[in-house]
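# Observations on chain architecture
Given next are the chains, with one letter for each unit.
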Amino acid sequence: ETARAQGELDRLKADQWSAPVLALGSEHERDISGASFDGRIVAGLQIPLGRRRDAQAAVAGARRAVAERRRDHQRLERNLRERLTEAEHRFALSFERVSAAAEQAEMAAEYLRLTELGFGLGETDLGQLLRARARATAANQTHREALILRQSCAGEMNQALGVVP
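Residues numbered from 1 in each chain as written. Predicted model: local features only at pLDDT ≥ 70, side-chain atom pairs only at ≥ 80, totals over all residues. Heavy atoms only, no water.

## Some remarks on the overall build of the chain
Our working definition: Secondary structure counts use DSSP, requiring at least four H or I residues in a row for a helix and at least two E residues in a row for a strand, with both numbered from the N terminus. Per-residue accessibility, obtained with a 1.4 Å probe over protein chains only, is compared with the maximum for each type, and a residue is labelled buried under 20%, exposed over 50%, and partly exposed between these values. Throughout, a contact is declared for two residues whenever any of their heavy atoms are within 4.5 Å.
A count of helices and strands for the chain gives 3 helices and 2 strands. For the chain, the α and β elements follow one another from N to C terminus as α-β-β-α-α. Split into buried and exposed, the 165 residues of the chain put 16% on the buried side. Look at the contacts in the chain between residues 6 or more apart in sequence, and 64% of them connect residues 24 or more apart.

Next up, the structure:
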């Protein structure tokens with residue numbers, strides 16, 4: 001659209017100066033009495049000295065249209081860059097979340113293993129074993145959610161980059 005508006009502006013600027021025109025023609029008139037015809041040859045010469053005053057409003061409108069198109073283009077570009085920056089940031093954070101959730105799931109699984117071993121030896125009670133199982137289940141769920149979130153962030157990043165699946 002910017003190129004089209006710029007082309008219109010260039011056309012209007014070039015149109016300010018037009019070429020001279022020579023017009024030749026004939027004219028036939030009937031007399032009032034209706035009896036005879038008068039014939040004439042008509043010649044006209046038009047030498048434009050520029051339509052600068054007439055074209056200023058059109059040129060100003062075209063300049064405004066070009067400026068608006070450039071502004072819209074720059075606004076769109078800025079919005080796309082912001083979306084890309086946000087997507088990159090979320091994508092980087094999703095990797096950190098996945099690694100933290102994986103580490104937490106590993107620690108919860110190890111704690112559960114030790115608690116089950118302690119319960120089998122009679123060192124821990126049933127309540128502690130159930131809490132360890134709940135913690136391990138929650139940690140595994142958090143890890144799966146982090147993986148799903150990372151895939152979602154990857155899709156968002158692809159959209160920001162304009163990649164079509």
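Moving on, there is more to tell.
## Digging into the confidence of the model for the chain
Heads up, the rule is: Confidence of the predictor at the level of single residues is captured by pLDDT, which takes values from 0 to 100.
For the chain, the average pLDDT comes to 82, and 76% of its residues sit at 70 or higher. Averaged pLDDT values for the elements of the chain fall to 66 in strand 1 (residues 21–30) and rise to 93 in helix 3 (residues 126–161).

## Considerations on the side chain of Thr124
Under the convention used in this document: N or O atoms within 3.5 Å of each other form a polar contact, as long as, within protein, one can give a hydrogen and the other can take it, and as long as residues adjacent in sequence are counted only when both atoms are side-chain atoms.
With respect to the secondary-structure elements, Thr124 resides in the loop between helix 2 (52–121) and helix 3. In this structure the side chain of Thr124 is engaged in a polar contact, spanning 3.4 Å, whose partner is the backbone oxygen of Thr115. When residues no more than four places from it in sequence are discounted, the contact partners of Thr124 are Thr115, Gly118 and Phe119.

## Some words on the nonpolar core
The cut-off we apply is this: By nonpolar core we mean a set of buried residues, namely Ala, Val, Leu, Ile, Met, Phe, Trp, Tyr and Cys, connected to one another through side-chain atoms within 4.5 Å.
Within the largest apolar cluster, 7 residues are counted, these being Ala105, Ala108, Leu112, Leu129, Ala132, Ala136 and Ala139. Sequence-distant contacts of Ala136, defined by excluding residues within four places in its chain, comprise Ala108 and Leu112. One finds Ala5, Leu9, Val59 and Ala62 within the second-largest nonpolar core, a separate group that totals 5 residues.

## Some words on a nonpolar patch on the surface
Worth spelling out the cut-off: Note that patches include only residues with greater than 30% relative accessible area and no salt bridge, and the join distances are 9 Å for like charges and 5 Å for nonpolar side chains (Val, Leu, Ile, Met, Phe, Trp, Tyr). Where accessible areas are quoted, they stem from the Shrake-Rupley method and a 1.4 Å probe; at the residue level, only the protein chains shown are allowed to cover. Definition used for salt bridges: Asp or Glu carboxyl oxygen within 4 Å of a side-chain nitrogen of Lys or Arg.
Residues Leu114, Leu117 and Leu121 make up a contiguous nonpolar surface patch of about 310 Å² in total accessible area. Structurally, Leu121 is set in helix 2.

## What about the environment of Glu1?
Its place among the elements puts Glu1 in the segment before helix 1 (2–15). Residue classification places Glu1 among the exposed residues on the basis of a relative accessible area of 64%. Between the alpha carbons of Glu1 and His73 there is a distance of 9.0 Å; along the sequence they are 72 residues apart.

## Side note on helix 3
Basically, it comes down to this: By this rule the span expected of a helix is its residue count minus one, scaled by 1.5 Å.
The terminal C-alpha atoms of helix 3 lie 52 Å apart, and with 36 residues this matches the ideal 52 Å at 1.5 Å per residue to within 8%. Within helix 3 the residues assigned to the buried category are Leu129, Ala132, Ala136, Ala139, Ala146, Cys153, Met157 and Ala160.

## A closer look at the environment of Leu84
With respect to the element layout, Leu84 can be found in helix 2. Residue Leu84 is classed as partly exposed on the basis of its relative accessible area, which comes to 22%. Between the C-alpha atom of Leu84 and that of Glu156, which follows or precedes it by 72 residues, the distance is 8.8 Å. Apart from the residues lying within four places of it in its own chain, the contact partners of Leu84 are Met157, Ala160 and Leu161.

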